[in-house]
Amino acid sequence: MKKEVLPGLTEALQGRYRLESVFCSFLALVLRKELQDRMAARGLRHEWADVIRALRGLREIDLSIQGKEVIIRPQTNKVAADAYATFGLALPPVVRFRT
């Protein structure tokens, strides 16, 4: 029979994990609602699945070319650019050099 070192610790940790999961889920819903409201206010009508797909598709590639560090961002679609612009952000340049 296995004896707990600190009785009740397992239950307390599981409860805390559940509480953190609920909080993160709530925060995600608040952020989603805010993004959707701001996009609607700008007249943008993108499907939520398209927004998620576009944002997940954002990538950067770090390269070293002849001793210079270069960061390349593949072209993105209008949905990702609209999502960024909704919060007053711009996508980084397609090519930039690390200093």
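Residues numbered from 1 in each chain as written. Predicted model: local features only at pLDDT ≥ 70, side-chain atom pairs only at ≥ 80, totals over all residues. Heavy atoms only, no water.

K.L.:
Mind showing me how you'd approach the environment of Tyr84 here?
P.N.:
Note that Tyr84 resides in helix H3 (residues 78-86). When its relative accessible area of 27% is taken as the criterion, Tyr84 is described as partly exposed. Tyr84 has contacts with Leu55, Leu58, Leu89, Ala90 and Leu91, leaving out every residue within four places of it along the chain. (Helix = DSSP H or I, 4+ residues; strand = E, 2+ residues; numbered from the N terminus. Buried < 20%, exposed > 50% of the residue type's maximum accessible area, 1.4 Å probe, protein only. Contact = heavy atoms within 4.5 Å.)

K.L.:
Help me out: how do you make sense of the pairing of strand E2 (residues 68-72) in this one?
P.N.:
Side-chain direction in a regular strand flips from residue to residue, so the side chains alternate between the two faces of the sheet. Bridging between strand E1 (residues 61-65) and E2 involves five bridges; their strand directions are antiparallel. Looking across to E2, one finds that Asp62 is bridged to Ile71. Counting the residues in the hairpin turn of E1 and E2 gives two residues, including Gln66, whose phi is positive at 50°. Pairing analysis gives three bridges linking E2 to strand E3 (residues 95-97), with the strands arranged antiparallel. Following the sheet pairing, Ile71 is matched in E3 by Arg96. (Pairing = 2+ DSSP bridges.)

K.L.:
For this particular structure, what's the right way to read a nonpolar patch on the surface?
P.N.:
Taken together, the side chains of Phe23, Phe26, Leu27, Val30 and Leu31 define a hydrophobic patch exposed on the protein surface, amounting to about 510 Å² of accessible area. Here Val30 lies in helix H1 (residues 9-41). You can call Val30 partly exposed: its relative accessible area is 38%. (Patch = residues over 30% accessible without salt bridge, like charges linked within 9 Å, V, L, I, M, F, W, Y side chains within 5 Å. Areas by Shrake-Rupley, 256 points an atom, 1.4 Å probe, with all protein chains shown as cover. Salt bridge = Lys/Arg side-chain N within 4 Å of Asp/Glu carboxyl O.)

K.L.:
Just checking my understanding: could you explain the sheet that holds E2 for this structure?
P.N.:
Within a sheet, each strand pairs with its neighbour through backbone hydrogen bonds, oriented either parallel or antiparallel. Here three strands make up an open sheet; going across it, the order is E1-E2-E3 and the pairing antiparallel. On the outer flanks of this sheet lie E1 and E3, each paired with one strand and no other. The average angle at which neighbouring strand axes cross in this sheet is 30°, direction not considered. (Axes fitted to C-alpha atoms, helices over the stretch in contact; angles between N-to-C directions.)

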